[in-house]
Amino acid sequence: MLKQSSQAQKHLSKEDNSGSDAGSEVSLEPETDRFGFILTNGSTAGSVGPSPEVVRQREAKWINIMGQWDFILSKKSSKVKLQCQKGIPASLRAKCWPLLCGATDRMAQNKKLYEFLDSQPGLQSWVDIIERDLDRQFPFHEMFLSKDGHGQRGLFRVLKAYTQFQPEEGYCQAQGPVAAVLLMNMPAEEAFWCLVQISEQYLPGYYSPLLEGVLFDAAILSWVLKKMCPAIHKHLQQHGVEPLMFATDWLMCLFTRHLPFNTLLRVWDLFFCYGVKVLLQVAVVLVRCVLGRAEQRKQCAGQMETLERLRGVREHVQEEEESFIAEVCAVPLSGKDLKRRMEKELQRWRTDKPSSTFDPRGRCYGYRMA
């Protein structure tokens, strides 16, 4: 088996029988970037990063925050938000993401539950579907190269455990890449509880059979685009392009397939801090990226051309994450405005779908954040 990413190596001891590198030939190991992606496949993501001095300063600040977590959240949540905007150091995401999303608390309240779920065989119909999806998740990342490697095995365990934790939901394919990114940054148990929090608290209804959460937030995104990008919104309406037609994969997969990996991690830092608002802000930035200028819209003369441009947005996003994150944070969407719009949309939802029990009002707009 090929070498493991440095982050995975730190936590490998926590995995039972996770892939061993014994007997590996060093000469056969491919060159990877700092995130574990194989460079021979054309990837350049992560070739640069913050200076060591900046990293050490941010690590010190986050260690201080984690040391007095409850006090900081109750009295100085703005400090957490500022540090999330600057980016969580890679060495601390394994601790910070679970703290931010509440996975740390859930894990403490349910000791041994993941271990129990992991030990169960799982429903065969879900097991078969999950196994078919394993090698589709980040095939050019060193963790997921081998079907027998610790990356694919860990991914199977996390996804299978979720189907047992939420048997009425089971497995949704969009959870695959989300769980894979979590596993790149933390051990399986923490990744499982983060996936639970994302699915239940941050994005309820996204991964349920009817995908009601996605349908609801696609309508919210239409409102956001009309408010933030009226010319683009008009273009989309003229050509019969609804957000559900291009943003479903964006939202459900948390942009795992549409952003450079270094930028993706920074977006997730913000997502765990602010909640779904960040996904909508990122969607605005991506739409502006490909349709923001009049000449770009002229090149998209119909529905097919417009959708093709939106679905291929990845090739138009620059590798430099700082300017992208600055754009995301500059999208003037407040949590209060979002909640007000959600209430209006919910009234319409209940009129159109009187039998639906979907209710997003209890979801997190950032864990314990104002």
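Residues numbered from 1 in each chain as written. Predicted model: local features only at pLDDT ≥ 70, side-chain atom pairs only at ≥ 80, totals over all residues. Heavy atoms only, no water.

*Asks:* Help me understand the environment of proline 260 in this model?
*Replies:* Structurally, the position occupied by proline 260 is in the loop between α15 (248–252) and α16 (261–274). If sequence neighbours within four positions are ignored, proline 260 has contacts with Arg314, Val317, Gln318 and Glu319. (Helix = DSSP H or I, 4+ residues; strand = E, 2+ residues; numbered from the N terminus. Contact = heavy atoms within 4.5 Å.)

*Asks:* Just to check I follow, could you spell out the packing of helix α5 (residues 93–101) against helix α11 (residues 188–202) for this structure?
*Replies:* When two helices pack together, their arrangement is captured by the angle between the axes and the distance separating the axes. As a packed pair, α5 and α11 sit with axes 10 Å apart at the nearest point and diverge in direction by 30 degrees. Relative to α11, the element α5 lies roughly parallel. Of the two elements, α5 crosses α11, and the hand of that crossing is left-handed. On α11, the residues touching Trp97, Pro98, Leu100 and Cys101 of α5 are Glu190, Cys194, Gln197 and Tyr202. (Axes fitted to C-alpha atoms, helices over the stretch in contact; angles between N-to-C directions. Parallel < 35°, antiparallel > 145°, perpendicular 65-115°, else oblique. Left-handed = near helix turned anticlockwise from the far one by under 90°.)

*Asks:* What is the right way to read the confidence of the model for the chain from this model?
*Replies:* If pLDDT is low for a region, its predicted coordinates should not be looked at in detail. Across the chain, the average pLDDT comes to 88, with 89% of residues at 70 or higher. Within the model, the stretch residues 1–27 combines pLDDT values under 50 with 52 contacts to residues more than four positions away or in other chains. (pLDDT = per-residue confidence, 0-100.)

*Asks:* Would you mind going over helix α19 (residues 303–311) with me for this structure?
*Replies:* Within an α-helix, residues lying three or four positions from one another point in the same direction, as the helix has 3.6 residues per turn. Within α19, the full set of buried residues consists of Thr306, Leu307, Arg309 and Leu310. What you see down the axis of α19 is that its buried residues fit within an arc of 160 degrees, all on one side. Across α19 from its buried face, at more than 90 degrees, point the exposed residues Met304, Glu308 and Arg311. At its buried positions, α19 is contacted by α13 (230–238), α14 (243–246), α15, α17 (276–291) and α18 (294–299). (Buried < 20%, exposed > 50% of the residue type's maximum accessible area, 1.4 Å probe, protein only. Arc of directions from axis to C-beta.)

*Asks:* Any chance you could explain the pattern of salt bridges here in plain terms?
*Replies:* On inspection of all chains with the given rule, the structure shows 18 salt bridges. With a closest N to O distance of 3.8 Å, glutamate 345 and arginine 341 form a salt bridge. Separated by four residues within a single helix, glutamate 345 and arginine 341 lie in helix α21 (residues 335–352), roughly one turn from each other. The exposure class of glutamate 345 is buried, given its relative accessible area of 6%. We classify arginine 341 as buried; its relative accessible area is 18%. (Salt bridge = Lys/Arg side-chain N within 4 Å of Asp/Glu carboxyl O.)

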